[in-house]
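Inside the fold
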Amino acid sequence: MATYEEKKQRLLAELRASAGMAVALAKNTSNLFRDRNNAPRRKLDVRNFNNVLRVDAANGWVEAEGMTPYEKLVDAMLAHGVMPAVVPQLKSITLGGAAAGVGIEASSFKYGLVHETLLEMEILLPDGRVVLCTPDNEHKDLFFGFPNSYGTLGYVLKLKAKAVPVKKFVQLQHIRHTDPAEYFDDLAQRCAEDADFVDGVVFGRNEMVITLGRFVDNAPFVSDYTYKNIYYRSLRERTTDFLTTHDYIWRWDTDWFWCSRNFFAQNPIIRRIVGKSFLNSVTYSKIMRWNSKWKITQRLDKLMGRHSESVIQDVDIPIANAPQFLDFFHHEIGILPIWVCPIHPYQPNAQFDLFRMPNTLYVNFGFWDVVKGREQHPKGHYNRKIERKVSELGGIKSLYSDSYYEADEFWQIYNKPAYTQLKRKYDAQGTFKDLYQKCVLRQ
Ligand SMILES: Cc1cc2nc3c(=O)[nH]c(=O)nc-3n(C[C@H](O)[C@H](O)[C@H](O)COP(=O)(O)OP(=O)(O)OC[C@H]3O[C@@H](n4cnc5c(N)ncnc54)[C@H](O)[C@@H]3O)c2cc1C
């Protein structure tokens, strides 16, 4: 097997050979939910940068290559009694993808977003240089500017990240609420207590659940949501539960939160026919991509006289404004359920330039569905409403999906002065597209 250094040299040669051409990453999986235009670009094959290099449980860190999927990373780390401080919920998300985007989970109320748990990154720049970035070396500007740059400043090939100790099981407590203001008050309170994990789900205007997770050494019983039973339904049915730590980490993957229902995969007969190994986010995202390519549901909607808009987004709102956002969302968008996850910056003094979050508790709202109706609206009608509301309430939106911002508005949110400086220093020739071109114009 080639070493990291050998693979890096090969990749550098590939990049040099593509001089002048647009490039993109060749990967086996993706969790990017915006289609790009089909302009020709040379694919850099980074698929073999997927190894865990070292787990140092005693000192609390792991070193891995950039395209290591979290499933592999978690397996390697659990074997040493640790896990990444923040594990995005989908198994195929890679460590590098989460660093270049924005990674979040139920431990984010404690450790912030994935990028706050990174210790160093080795980044391949568009001009073929490779630089090591740490929070205090000469490339610290790139260390703090890389999160939310989505591959427009370079590709991260190797990372060192914080590891935290685990126990064998996670005990869950599901707490139900009927009033949004009380729900968010309680959420804030629970974040100040002793849980290891906090997240929640909004099932309706008067039905909201907070789930607390605590590591325990022993469990009186252990539930299994990897095949016949469906995790999100258990939140409405149980008040306590126990999962192995492994199954807790991947509790949302089997049914892609609840989105597997769009593929009829929650039907017990279909589950039995397709089998356990197909019930995962990789299968569903392949089906979605295939659907997007052949426009199957779009054609069906047209046939039935319906108009539809995909609304797949994660937005972060300061908790004081969370009830207002939820009210707006019920009224104007109407997608249910909604995933809720509290986030508190881990390093209050660190400023990540392209994803600025003041030192306060935020609530991530995740919603992934299609809004359908008989009325025809301009493109991005519902997404645009969300973008405006998020800005009005002092929030910020992740860029892994469709965005419709005007350029000025976009750059005000995502910090044009800092980005321009980074681009000048690390991609002076403009070899890679810029963030607006990539995330909004889909170039
Ligand atoms: C339906 C849905 C639900 C999601 N839910 C969650 C969630 O619950 N929690 C969470 O944390 N995130 C979630 N995400 C977002 C996800 O973490 C980001 O989209 C992340 O960037 C995906 O990483 P990936 O490894 O799959 O990268 P890809 O999807 O392959 O790429 C994403 C972008 O990052 C760039 N990129 C990828 N690898 C690198 C690299 N090594 N260096 C530089 N740039 C790179 C690519 O060029 C691309 O622009 C969700 C996304 C979707 C679509």
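As a starting point, this report considers the structure included with it. If you're wondering where the values come from, they're calculated on a predicted model, not measured in any experiment.

Quick notes on the rules
Residues numbered from 1 in each chain as written. Predicted model: local features only at pLDDT ≥ 70, side-chain atom pairs only at ≥ 80, totals over all residues. Heavy atoms only, no water. Pairing = 2+ DSSP bridges. Helix = DSSP H or I, 4+ residues; strand = E, 2+ residues; numbered from the N terminus. Contact = heavy atoms within 4.5 Å. Axes fitted to C-alpha atoms, helices over the stretch in contact; angles between N-to-C directions. 1 Å grid on protein atoms, 1.4 Å probe; cavity = no way out; pocket = protein on both sides within 12 Å on 5 of 7 lines; lining within 4 Å. Points joined across faces, edges and corners; volume = space filled by probe spheres on them. Nonpolar A, V, L, I, M, F, W, Y, C, P; charged D, E, K, R; others polar. Near = heavy atom within 4 Å. Polar contact = N/O pair within 3.5 Å; in protein donor to acceptor, adjacent residues only side chain to side chain. Areas by Shrake-Rupley, 256 points an atom, 1.4 Å probe, with all protein chains shown as cover. Buried < 20%, exposed > 50% of the residue type's maximum accessible area, 1.4 Å probe, protein only.

A few words now on the sheet that holds strand E14 (residues 338–343). The sheet built from eight strands is open, its strands ordered E12-E9-E11-E10-E14-E15-E13-E16 with antiparallel pairing. Two strands lie at the open edges of the sheet, namely strand E12 (240–244) and strand E16 (396–397), each paired on one side alone. Sheet topology note: the E14/strand E15 (residues 362–373) ladder contains five bridges and is antiparallel. Along E15, the bridge assignment pairs Pro342 with Val363. Those strands touched by helix H12 (residues 322–332) are strand E10 (197–204), strand E11 (207–216), strand E13 (307–318), E14 and E15, and its axis lies near 5° from that of E15.

Moving on: the layout of surface pockets. The rolling of a water-molecule-sized probe over the atoms marks out the regions of remaining empty space. For the second largest pocket, the calculated volume is near 270 Å³. Every residue lining the second largest pocket is counted, 15 residues in all, and those nearest its centre are Asn28, Thr29, Pro69, Lys91 and Ser92. Here the lining of the second largest pocket is composed, by residue class, of three nonpolar, seven polar and five charged.

Moving on to the site of the ligand. Inspection of the region around the ligand gives 29 residues, with Lys27, Phe33, Gln89, Thr94 and Ile104 positioned closest. Within the side chain of Gln89, a nitrogen or oxygen atom sits 2.2 Å from an oxygen atom of the ligand. Contact between the ligand and Ile104: an oxygen atom at 2.6 Å from a main-chain N or O atom of the residue. About the coverage of the ligand: the protein hides 96% of its 950 Å² of free accessible area. Elements that contribute at least two residues to the shell around the ligand include exactly helix H3 (95–100) and strand E8 (155–165).

Here we come to the side chain of Asn364. Of note, Asn364 is situated in strand E15. Since its relative accessible area comes to 2%, Asn364 is described here as buried. At 3.0 Å, the side chain of Asn364 forms a polar contact with the side chain of Asp314. The residues contacting Asn364, other than those within four sequence positions of it, are Ile104, Asp314, Val315, Asp316, Trp339, Val340, Cys341 and Ile343.

The next thing to look at is the side chain of Gln89. Here Gln89 lies in the loop between strand E5 (82–84) and H3. Of the polar contacts made by the side chain of Gln89, one reaches the side chain of Glu105; its length is 2.9 Å. The residues touching Gln89, leaving out its near neighbours within four places in the chain, are Ile104, Glu105, Trp250, Trp252, Asp253, Phe257 and Trp339.

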